[in-house]
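Listed here are the chains, written in short residue letters.
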Amino acid sequence: MTTAYIQKATIATPASHIPDANQLALALGESSADDKTFTSASYQDAEGNLYAVCSTAAKPIFADLVGQPLQAPDHAPDMDVEAATRAQALLQINGGTASPDVIAVILGDRKESAQDHIKALGLTPIPQDTP
């Protein structure tokens, strides 16, 4: 079986940018449900800043699309293009660790581990209280 999704994109969105990042996901994605890509901020960096993380298969065109002017796709004609554009301006692909002022993306081979990407972003899961 051949697939166009030959890359893995792991994306760390600072908690304060989740709404805008979801609009960007809607603009670049293929489903009207893409505005629910980033939900809870369940990762943190060494300074305690919170992030929502998503790891997904991606097409090679992903890196090109993120640099293009955005428009509402057919599956989401009412998306917030302004919010998506704000998130787009924060994107940093393969540029280092996560920080509160960027939406950090690691783009690699689809067989790479999301956990390795998250570690490279300098993030760890927030410890969950267990009874």
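Right above here is the structure, for reference.
Here, residues in each chain are numbered from 1, in the same order as that chain's written sequence. Totals for whole chains, interfaces and linings use every residue, but because this is a predicted model, local features are given only for residues with pLDDT of at least 70 and side-chain atom pairs only at 80 or more, for both listing and counting. In computing side-chain properties, one takes all heavy atoms of the structure into account and sets aside hydrogens as well as water.

J.: Could you give me a rundown of the overall build of the protein, with the residues and numbers involved?
T.: The secondary structure listing takes helices from DSSP runs of H or I that are at least 4 residues long and strands from runs of E that are at least 2 residues long, numbered from the N terminus. Counting secondary structure elements, the protein contains 4 helices and 6 strands. Put simply, the radius of gyration uses C-alpha atoms, and a globule should come to 2.2 Å times the residue count raised to 0.38. Relative to a compact globule of 131 residues, whose C-alpha radius of gyration would be 14 Å, the protein shows 14 Å and is just as compact. Projected onto its principal axes, the C-alpha coordinates of the protein cover approximately 45 × 35 × 30 Å. Throughout, exposure labels follow a simple rule: accessible area from a 1.4 Å probe, protein chains only, divided by the maximum for the residue type, with under 20% read as buried, over 50% as exposed, and the rest as partly exposed. By the burial criterion, 37% of the 131 residues in the protein qualify as buried. When charges are counted, Lys and Arg contribute as positive and Asp and Glu as negative, whereas His and the chain ends are disregarded. The location of each charge is read from NZ of Lys, CZ of Arg, CG of Asp or CD of Glu. Taking the 7 positively charged and 16 negatively charged side chains of the protein as two groups, their mean positions are separated by 10 Å.

J.: Would you mind going over the side chain of Asp-45 in detail, with residue names and values included?
T.: With respect to the helices and strands, Asp-45 occurs in the loop between β2 (43-44) and β3 (50-58). Look at Asp-45: it is buried, it has no salt bridge, and the nearest opposite charge is Lys-119 at 17 Å. Throughout this description, a polar contact denotes any pair of N or O atoms lying within 3.5 Å of each other; where both atoms belong to protein, one of them has to be capable of donating a hydrogen while the other can accept it, and for residues adjacent in sequence the pair is counted only when both atoms sit in side chains. A distance of 3.0 Å separates a polar atom in the side chain of Asp-45 from the backbone nitrogen of Glu-47. Within the structure, Asp-45 has its side chain in polar contact with the backbone nitrogen of Asn-49 (distance 2.9 Å). Apart from residues no more than four positions distant in its own chain, Asp-45 is found in contact with Tyr-51, Ala-98, Pro-100, Gly-122 and Leu-123. When a carboxyl oxygen of Asp or Glu is within 4 Å of a side-chain nitrogen of Lys or Arg, the pair counts as a salt bridge. By definition in these notes, contact holds between two residues if any of their heavy atoms fall within 4.5 Å.

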